[in-house]
Amino acid sequence: MPEGPSILILKEEVQQFAGQTIMEVSGNSSIDIHRLKAKKIVAFKTWGKHFLICFEDFTVKIHMLMFGTYRVNEQKETKPRLHLQFATGEINFYTCSIKILEGDVNQYYDWSEDVLNENWNPKKAKQSLDKIPDEMICDAILDQNIFSGVGNIIKNEVLYRCFIHPESLVGKIPSEKITEIISECSLYSFEFLYWKKKFELKKHWLSYTKNSCLRCNLPMIRKYTGKKKRRSFFCTNCQQLHI
């Protein structure tokens with residue numbers, strides 16, 4: 001599943017079409033895609049893993065799900081879920097969820113929840129975590145209404161950096177460590193974005209998919225953790241369990 005930084009890269013790639021009118025539209029999406037024809041794109045926005053194509057009175061929300069992809073000024077052999085043709089190029093989306101949001105897009109999103117947004121509010125994230133003391137931190141970090149844009153790679157890397165076991169309970173983790181985790185979720189997301197643009201993200205992974213701990217030289221545990229049952233990679237020697 002593409003994480004927030006990857007969706008921000010998508011936004012940058014299609015920025016060339018901002019302000020342009022859609023000449024043709026097609027695809028196998030179940031929404032009324034023909035509504036988009038001859039409409040002018042007001043702006044492209046992102047909220048976490050959501051890519052937003054904003055028009056004057058509605059917005060098209062695209063979620064890449066687990067296996068969604070896109071192409072700018074090129075096509076795949078398979079039929080796209082949504083094809084947008086402009087005077088100067090095209091955008092194609094595949095294997096994704098597409099919905100229409102009526103009215104002002106700002107009524108649907110709290111931009112302060114997005115770790116990559118200029119309005120990101122770490123104090124609000126702390127307040128949200130305080131309300132779920134019995135949740136595992138591995139689930140809390142993946143809560144898109146607390147850390148919008150953070151995915152499983154970022155979760156693993158942040159917890160490894162902060163020396164925290166993924167099955168630790170939020171309310172049992174020391175306050176200073178919670179503050180560190182909140183800060184690292186945003187910081188690592190920006191580093192992820194930087195490395196992704198340089199096509200070198202994987203070489204910077206410290207825990208994700210690793211077999212041994214780089215600090216302890218001991219085997220890494222691979223386990224599906226929390227209610228979300230997402231893969232966690234952690235070292236039981238240096239990542240402390242708070243329960």
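Above this text is the structure in question.
Residues numbered from 1 in each chain as written. Predicted model: local features only at pLDDT ≥ 70, side-chain atom pairs only at ≥ 80, totals over all residues. Heavy atoms only, no water.

Can you lay out the environment of P5 for me, pointing to particular residues and giving the numbers?
With respect to the helices and strands, P5 occurs in helix 1 (residues 4-14). In this structure P5 comes out as buried when scored by relative accessible area, which is 0%. Note: C-alpha distance between P5 and L116 (111 residues apart in sequence) is 7.6 Å. In this structure, P5 is in contact with L116, G149, I154, S189, F192 and L193, ignoring residues within four places of it in sequence. (Helix = DSSP H or I, 4+ residues; strand = E, 2+ residues; numbered from the N terminus. Buried < 20%, exposed > 50% of the residue type's maximum accessible area, 1.4 Å probe, protein only. Contact = heavy atoms within 4.5 Å.)

Could you give an account of a nonpolar patch on the surface, naming the residues involved and the relevant values?
Nonpolar side chains collect at one region of the surface, where L65, M66 and F67 lie side by side and expose about 330 Å² of accessible area between them. With respect to the helices and strands, the residue M66 is situated in the loop between strand 4 (58-63) and strand 5 (69-72). (Patch = residues over 30% accessible without salt bridge, like charges linked within 9 Å, V, L, I, M, F, W, Y side chains within 5 Å. Areas by Shrake-Rupley, 256 points an atom, 1.4 Å probe, with all protein chains shown as cover. Salt bridge = Lys/Arg side-chain N within 4 Å of Asp/Glu carboxyl O.)

Lay out the nonpolar core with the relevant residues and their values.
Within the largest apolar cluster, 38 residues are counted, with the highest numbers of intra-cluster contacts made by L129, I137, F147, I181 and Y188. Among the elements that line this core, the one with the most residues is helix 5 (residues 175-197), at 8 residues. Contact partners of Y188, with chain neighbours within four places excluded, come to I154, E157, V158, R161, W195, L201 and W205. Listed in part, the 26 residues of the second largest apolar core include F55, F58, F86 and I98. (Core = buried A, V, L, I, M, F, W, Y, C linked by side-chain atoms within 4.5 Å.)

Talk me through helix 4 (residues 152-161); I want residue IDs and the actual numbers.
Think of an α-helix as 3.6 residues a turn; residues three or four steps apart then line up on the same face. Extensive coverage of helix 4 is indicated by the burial of 9 of its 10 residues. Those residues of helix 4 lying buried are N152, I153, I154, K155, N156, E157, V158, L159 and Y160. Structurally, helix 4 contributes buried residues whose contacts are with helix 1, helix 3 (137-141), helix 5, strand 9 (221-225) and strand 10 (230-234). Positioned one or two residues after helix 4, F163 has a phi angle of 60°, which is positive.

Break down the side chain of E167 for me, with residues and values.
Mapping E167 onto the fold places it in the loop between helix 4 and helix 5. On the accessibility criterion, E167 (16% relative accessible area) is buried. Aside from chain neighbours lying at most four places away, what touches E167 is M136, K223, T225, L241 and I243.

Which residues make up the pattern of salt bridges, and what values do they have?
A full pass over the atoms with the stated rule returns 13 salt bridges. Salt-bridge contacts for K37 lead to E24; the nearest nitrogen and oxygen are separated by 3.5 Å. Of this pair, K37 sits in the loop between strand 1 (24-26) and strand 2 (43-47) while E24 is found in strand 1, placing the two residues 13 residues apart along the sequence. According to the relative accessible area criterion, K37 is partly exposed, its value standing at 41%. Between K227 and E135 there is a salt bridge whose closest N-O contact spans 3.0 Å. One end of the pair, K227, is in the loop between strand 9 and strand 10; the other, E135, is in the loop between helix 2 (122-130) and helix 3, with 92 residues separating them in the sequence.

Outline the sheet that holds strand 1, listing residues and values.
Reading across the sheet, the 4 strands line up as 1-6-7-5 and stay open at both edges, with antiparallel pairing between neighbours. The open sheet has two edge strands with one neighbour each: strand 1 and strand 5. Taken pair by pair, the neighbouring strands of this sheet meet at an average axis angle of 10°, ignoring direction. As paired strands, strand 1 and strand 6 (residues 82-86) are joined by 3 bridges and run antiparallel to one another. Within strand 6, the position partnered with E24 by the bridge is Q85. Packing of helix 1 onto the sheet brings it into contact with strand 5 and strand 7 (89-94), and relative to strand 5 it is tilted by some 20°. (Pairing = 2+ DSSP bridges. Axes fitted to C-alpha atoms, helices over the stretch in contact; angles between N-to-C directions.)

So what's going on with the packing of helix 1 against helix 5? Which residues, and what values?
Relative placement of two packed helices is described by the angle separating their axes and the distance separating the axes. Packing of helix 1 against helix 5 leaves a shortest axis separation of 9 Å and a crossing angle of 55°. With respect to their mutual orientation, helix 1 and helix 5 come out oblique. Helix-helix and strand crossings are classified by hand; for helix 1 and helix 5 the assignment is right-handed. Of helix 5, the residues touching helix 1 (which contributes P5, S6, L8, I9 and E12) are S189, F192, L193, K196 and K197. (Parallel < 35°, antiparallel > 145°, perpendicular 65-115°, else oblique. Left-handed = near helix turned anticlockwise from the far one by under 90°.)

With reference to specific residues and values, describe the environment of S183.
Mapped onto the elements, S183 comes out in helix 5. The partly exposed category is assigned to S183, whose relative accessible area is 44%. Along the backbone, S183 and N28 are 155 residues apart, and their C-alpha atoms lie at a distance of 41 Å.

Tell me about unusual backbone geometry, residues and numbers included.
Of note in the backbone geometry, T209 takes a positive phi value of approximately 65° without being a glycine. Position of T209 among the secondary structure elements: in the loop between helix 5 and strand 9. On the basis of relative accessible area, T209 is assigned to the partly exposed category, the value being 31%. Residues other than glycine seldom take positive phi values, yet N217 does so here, at roughly 60°. By secondary structure assignment, the location of N217 is in the loop between helix 5 and strand 9.

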